Amino acid sequence: MIPPNASLVKYDNPVLVSRNTDKKTPRARALKVSPGPSQGTGPVPNPPGKQKLSPVDAKAAQQTDEILNSILPPREWQESGQLWVQQVSSTPATRLDVVNLQEELDRRLQQRQARETGICPVRRELYSQCFDELIRQVTINCAERGLLLLRVRDEIRMTIAAYQTLYESSVAFGMRKALWAEQGKADMEKKISDLEQEKRDLEKQVNELKGKCEQIEKRAQEQRMVEEKKHTEEMQFLKRTNQQLKVSCSICHLLSQKYVVYFEFFIQSWLNQYTCISFNIFNSCINQS
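Scope of this entry: the structure provided in the associated data block.

For the rest of this paragraph, the subject is the layout of surface pockets. It is a probe the size of a water molecule, rolled over the atoms, that shows where empty space is left. Its volume calculated, the second largest pocket comes out at about 250 Å³. Contributing to the lining of the second largest pocket are Gly118, Ile119, Cys120, Pro121, Arg123, Arg124, Tyr127, Ile160, Tyr163, Gln164 and Tyr167. Those elements that place two or more of their residues in the lining of the second largest pocket are α3 (121-141) and α4 (143-288). Its residues placed into classes, the lining of the second largest pocket shows seven nonpolar, two polar and two charged.

See the structure below:
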């Protein structure tokens, strides 16, 4: 018989379950149970055989066995076509059993090289087995306390499973993000290269436009200087012309005043001369008459 992996939970001796193959139909096969060899599978040796109990105690023991089997199901394995079953032990534990359990836990932690900190599946498995053994010991003495510890154990396992699911989903999300980043890396590098080339082209255009602006400013400055020079020459010419016109106007004004005097004198002289001639003619006419 090859027993399953050793556990910190204390089990009874394995029982061989054989099938009677003499019947013709599969449904008519009856189970034959034969006790296996005595073998201790827990951290402490098995106690001597059970004594006969009263009906009340037997009923309580049966209820305890049912609760234990519901909390810690029996182990089953096959060997050479034979089915072996091993149920959890219903023997009450003593202080020595607890001490032996602690020593066995420390020994197995050291033997299997479990890590003291961080996430360690080996340490988690051994402590889970230790907690199951404590639940078994408590359930034998008080079934209600054992069921409450079972709820605590299930809640802890559910919480750990939720954390594990969250961790796996976060790892998967991180892997997806890493793959997306790796896939987008080439596109980003190409985009960066294109942007750098565009930047160089724009800088070249800026330099060309700056050169054109400098040439335009230089040409405009030269044209402005030529226009200013031309304007200055025109101003000077106009000033000279204006000065000459002022002088000419002054001369004309003086000449006009002189000519007026001459003209008045001429008119006066002519009038005087005409008056004398008229008077002489008049006298001559009178004399002739």
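In a regular helix each residue adds 1.5 Å, so 21 residues correspond to 30 Å; α3 covers 31 Å between its end C-alpha atoms and thus fits that length. Leu126, Gln129, Cys130, Asp132, Glu133, Ile135, Arg136, Gln137, Thr139 and Ile140 are the residues of α3 that are buried.

We now examine the packing of aromatic side chains. Going through the model one piece at a time under the given rule, you end up with zero aromatic pairs. Residue placement shows Arg75 over the ring face of Tyr11; its charged tip is 4.2 Å from the ring centre.

Once that is clear, we can look at the pattern of salt bridges. If you walk through the whole model with that rule in mind, you get eight salt bridges. One salt bridge in this structure joins Asp132 and Arg153, with 2.9 Å as the shortest N-O distance. Linking Asp132 in helix α3 with Arg153 in helix α4, this pair joins segments that are 21 residues apart in sequence. Classification of Arg153 by relative accessible area gives buried; the value is 9%. Ionic contacts of the salt-bridge type, sharing partners, join the residues Asp132, Arg153, Asp154 and Arg157 into one network.

As a further point, take unusual backbone geometry. One non-glycine residue, Gln113, lies in the positive phi region at around 55°. Its location among the elements puts Gln113 in the loop between α2 (95-111) and α3. With a relative accessible area of 68%, Gln113 lands in the exposed category.

Looking at the element boundaries, Ser7 is found in the segment before β1 (15-19). Each C-alpha atom of the pair Ser7 and Leu126 lies 8.2 Å from the other, and the pair is 119 residues apart in sequence. Within the structure, the side chain of Ser7 is placed 3.2 Å from the backbone nitrogen of Val9, a separation counted as a polar contact.

On the surface, a nonpolar cluster with roughly 520 Å² of combined accessible area is contributed by Phe263, Phe266, Ile267, Trp270 and Leu271. As for its position among the elements, Leu271 is in helix α4. Residue class for Leu271 comes out partly exposed when judged on its relative accessible area of 38%.

This brings us to the nonpolar core. Residues Val9, Tyr11, Leu68, Ile71, Leu72, Val88, Ile135, Ile140 and Leu150 constitute the largest nonpolar core, which totals nine residues. Of all the secondary structure elements, the ones that give two or more residues to this core are α1 (55-71) and α3. Membership of the second largest hydrophobic core comes to eight residues, among which are Leu8, Ala114, Leu126 and Cys130.

What counts, and at which threshold
- Residues numbered from 1 in each chain as written.
- Predicted model: local features only at pLDDT ≥ 70, side-chain atom pairs only at ≥ 80, totals over all residues.
- Heavy atoms only, no water.
- 1 Å grid on protein atoms, 1.4 Å probe; cavity = no way out; pocket = protein on both sides within 12 Å on 5 of 7 lines; lining within 4 Å.
- Points joined across faces, edges and corners; volume = space filled by probe spheres on them.
- Helix = DSSP H or I, 4+ residues; strand = E, 2+ residues; numbered from the N terminus.
- Nonpolar A, V, L, I, M, F, W, Y, C, P; charged D, E, K, R; others polar.
- Expected span 1.5 Å × (residues − 1).
- Buried < 20%, exposed > 50% of the residue type's maximum accessible area, 1.4 Å probe, protein only.
- Phe/Tyr/Trp six-rings, centres within 6.5 Å; stacked < 30°, edge-to-face > 60°.
- Lys NZ or Arg CZ within 6 Å of the ring centre and 35° of its normal.
- Salt bridge = Lys/Arg side-chain N within 4 Å of Asp/Glu carboxyl O.
- Polar contact = N/O pair within 3.5 Å; in protein donor to acceptor, adjacent residues only side chain to side chain.
- Patch = residues over 30% accessible without salt bridge, like charges linked within 9 Å, V, L, I, M, F, W, Y side chains within 5 Å.
- Areas by Shrake-Rupley, 256 points an atom, 1.4 Å probe, with all protein chains shown as cover.
- Core = buried A, V, L, I, M, F, W, Y, C linked by side-chain atoms within 4.5 Å.

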